[in-house]
Amino acid sequence: MGVLSGIRVVDFTRVVAGPYCTMLLGDLGAEVIKIEQPGKGDDTRSWGPPFVGGESAYFLSVNRNKKSVCLDLNNEDDLKVVHRLVAESDVVIENFRSGVMERFGLGYEDWRERHPRLIYCSISGYGRSGPYKDRAGYDVIVSAMGGLMGITGTPEGEPVKTGVALTDVITGLNAFSAIQTALYHRERCGQGQRLDVSLLSAELAALINAASNYLIAGEVPQPQGSAHGSIVPYQAFRAADGYIVIGAANDKLFQKLCLALAHPEWAADERFRTNAERVKNREALISLIEDALQAESVATWEPLLAQAGIAVGPVNHMNQVFQDPQVIHSQQIVSLTHPTAGDVRLVGPAVNYSLTPAEITSPPPLLGEHTQKVMQLFDNPSAPGEF
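The paragraphs below set out a description of the structure included in this document. (Residues numbered from 1 in each chain as written. Predicted model: local features only at pLDDT ≥ 70, side-chain atom pairs only at ≥ 80, totals over all residues. Heavy atoms only, no water.)

Right, let's talk about the overall build of the protein for a bit. Scanning the protein from N- to C-terminus turns up 17 helices and 13 strands. Projected onto its principal axes, the C-alpha positions of the protein cover 80 × 45 × 40 Å. Expressed as a percentage of its 387 residues, the buried residues of the protein come to 41%. Partitioning the contacts of the protein with sequence separation of at least 6, the portion at a separation of at least 24 is 68%. If you sum the accessible surface of the protein, you get close to 20200 Å²; carbon and sulfur atoms cover 53% of it. Counting 32 positive and 44 negative side-chain charges, the protein places the centres of these two groups 4 Å from one another. (Helix = DSSP H or I, 4+ residues; strand = E, 2+ residues; numbered from the N terminus. Buried < 20%, exposed > 50% of the residue type's maximum accessible area, 1.4 Å probe, protein only. Contact = heavy atoms within 4.5 Å. Areas by Shrake-Rupley, 256 points an atom, 1.4 Å probe, with all protein chains shown as cover. Lys, Arg positive; Asp, Glu negative; His and termini not counted. Charge placed at Lys NZ, Arg CZ, Asp CG, Glu CD.)

Next comes the structure, spelled out in structure tokens:
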């Protein structure tokens, strides 16, 4: 019985941002009914390899704790079922192009008067109004247009996307928090509302200092690899056998770093005494630090620097990440029994709640796995409980 138990969500989303949001709602106990196109389903079902048991690893990563119902919005009988689902639900979330939901009588204005407690969340690439409202929005496109790709990568290098769809994930997190806020408002005031969440707006809000550096000081940030525009040293360095990331975010930590590297004279050097001076003389200092680090391996430097109070960590590949003792201790890797894929390991919820824990109660669904059950309950309208 999660904290959102009793909340029903009709989920018309696909790909990443919306499904990530509804997965988090499901983790907290909401009943998430995922509406999928018959015979095809969510686009990510076909995004592979890898596949396991006929399911893509991509789909499995963002669709636990949901029920899959295949309904064709172009079919009159199916559309009636969808309308009834909406009428009996608390939240609708969709990421169709502008005007699609309205075409089927499923827009917010179609429901605002007859279902005033409904919380209606639309996720789009660029928002419901403006010159780009009809454009399709995908993570990599919006990350390019919104500036994230313009500050990611190496100096003079070609444009580089982030390793995962971070703009989608950030958007999903914004939608997740917005829906919870709207549920709280409804609890206090009895009113539902419309939520408009766009990938572009979510990305802009996540640009933090890169955006403020431009808006306040007129500075146009450039890609700097792993380095930081305003803090030195704060980046990856090459050690004898690999890369290690070191962050000395203030003058005191820099002094500790100098001692740990057996070069206390750096802290007294006029070029490096303050962070502002270190930023100005970045290249000289980085060269000195990297030369010193070449003497030992990553495995030698990491505990030594950590013991000295320096923020430090190796650049891990995925096989190393899931062998890390802290990752193992977190118990965030969960094993689910999937009907076709068997035992599947996934990354579980990120937040530990002391009283209302997030829980994984069901694996990602097969396409249309719950359609028959929903239709049977519609044949018996008096049947209580969840679909």
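By size, the foremost hydrophobic cluster in this structure holds 26 residues, and its most contacted members are V9, L25, C121, I123 and I179. Secondary structure elements with two or more residues in this core: α1 (17–27), β6 (91–94), β7 (119–124), α7 (166–189) and β8 (194–198). Residue contacts for V9: discarding those within four places in its chain leaves T22, L25, A30, E31, V32, I33, V91 and I93. Membership of the second largest hydrophobic core comes to 23 residues, among which are F254, C258, L261 and A292. (Core = buried A, V, L, I, M, F, W, Y, C linked by side-chain atoms within 4.5 Å.)

Next up on the list: the environment of G2. Inspection of the secondary structure assignment puts G2 in the segment before β1 (8–12). Given the relative accessible area of 17%, G2 is considered buried. Note: C-alpha distance between G2 and V142 (140 residues apart in sequence) is 34 Å. Leaving out residues up to four positions away in the same chain, G2 has contacts with L28 and G29.

Here the focus is the sheet that holds β7. Strand pairing within a sheet occurs via backbone hydrogen bonds; the two strands may be parallel or antiparallel. Here we have 6 strands laid out as an open sheet, ordered β5-β2-β1-β6-β7-β8, and parallel in their pairing. With one partner strand each, in any of the chains shown, β5 (67–70) and β8 form the two edges of the open sheet. Between one strand and the next, the sheet's axes are offset by a mean angle of 20 degrees, whatever the strand orientation. Examined bridge by bridge, β6 and β7 share 4 bridges and lie parallel to one another. Each bridged residue has a counterpart across the sheet, and for V91 the counterpart in β7 is I119. (Pairing = 2+ DSSP bridges. Axes fitted to C-alpha atoms, helices over the stretch in contact; angles between N-to-C directions.)

Counted by the stated rule, this structure contains 1 cavity of 30 Å³ or more. If you add up the space inside the largest cavity, you get close to 40 Å³. Looking at the largest cavity, the residues that line it are D139, S143, L148, M149, T152, V160, K161, T162, L166 and T167. For the lining of the largest cavity, the secondary-structure elements that each account for two or more residues are α6 (139–145) and α7. (1 Å grid on protein atoms, 1.4 Å probe; cavity = no way out; pocket = protein on both sides within 12 Å on 5 of 7 lines; lining within 4 Å. Points joined across faces, edges and corners; volume = space filled by probe spheres on them.)

Before going further, it helps to examine the sheet that holds strand β9 (residues 234–238). Strands sit in the order β9-β10-β11 across an open sheet of 3 strands; the sheet is antiparallel. A single partner strand is all that each edge strand has here, and the edge strands are β9 and β11 (311–314). Along the sheet, successive strands turn relative to each other by an average axial angle of 20 degrees, direction set aside. For β9 and strand β10 (residues 243–247), the ladder comprises 5 bridges, and the chain directions are antiparallel. Its bridge partner being in β10, Q235 is matched across the sheet by I246. Contacts from helix α13 (residues 282–293) reach β9 and β10, with the element oriented near 45 degrees to β9.

Glancing now at the pattern of salt bridges. In the structure shown here, the tally under the stated rule is 19 salt bridges. Notably, a salt bridge pairs K133 with D134, separated by 3.4 Å at the nearest N-O pair. Here K133 falls in the partly exposed class, since its relative accessible area comes to 32%. (Salt bridge = Lys/Arg side-chain N within 4 Å of Asp/Glu carboxyl O.)

Looking now at the layout of surface pockets. The computed volume of the second largest pocket comes to approximately 1100 Å³. If you go around the second largest pocket, you meet 34 residues; those closest to its centre are I151, Q224, A227, H228 and G229. When contributions to the lining of the second largest pocket are tallied by element, the ones reaching two or more residues are α7, α8 (199–206), α9 (208–217), β9 and α13. For the lining of the second largest pocket, the residue count by class is 17 nonpolar, 13 polar and 4 charged. (Nonpolar A, V, L, I, M, F, W, Y, C, P; charged D, E, K, R; others polar.)

Let us now look at a nonpolar patch on the surface. Together, W47, Y58, Y132, Y138, V140, I141 and M145 make up an exposed nonpolar region whose accessible area comes to about 600 Å². Within the element layout of this structure, V140 appears in helix α6. (Patch = residues over 30% accessible without salt bridge, like charges linked within 9 Å, V, L, I, M, F, W, Y side chains within 5 Å.)

Turning our eyes to something else, we now look at the environment of S226. Considering the arrangement of structural elements, one finds S226 in the loop between α9 and β9. On the basis of relative accessible area, S226 is assigned to the partly exposed category, the value being 42%. A sequence separation of 104 residues divides S226 from S330, and the C-alpha atoms of the two residues are 26 Å apart. The residues touching S226, leaving out its near neighbours within four places in the chain, are Y234, Q235 and A236.

The subject of this paragraph is α13. Counted at 1.5 Å a residue, the expected span for α13 with its 12 residues is 16 Å, and the 16 Å between its end C-alpha atoms agrees. All of the buried residues along α13 are R282, L285, I286, I289, A292 and L293. Within α13, the buried residues cover an arc of 130 degrees as seen down the axis, which keeps them to one side. Exposed residues pointing more than 90 degrees away from the buried face of α13 are listed as E283 and D291. (Expected span 1.5 Å × (residues − 1). Arc of directions from axis to C-beta.)

It is worth stressing that arrangement in space is one thing and function is another; only the former is reported here.
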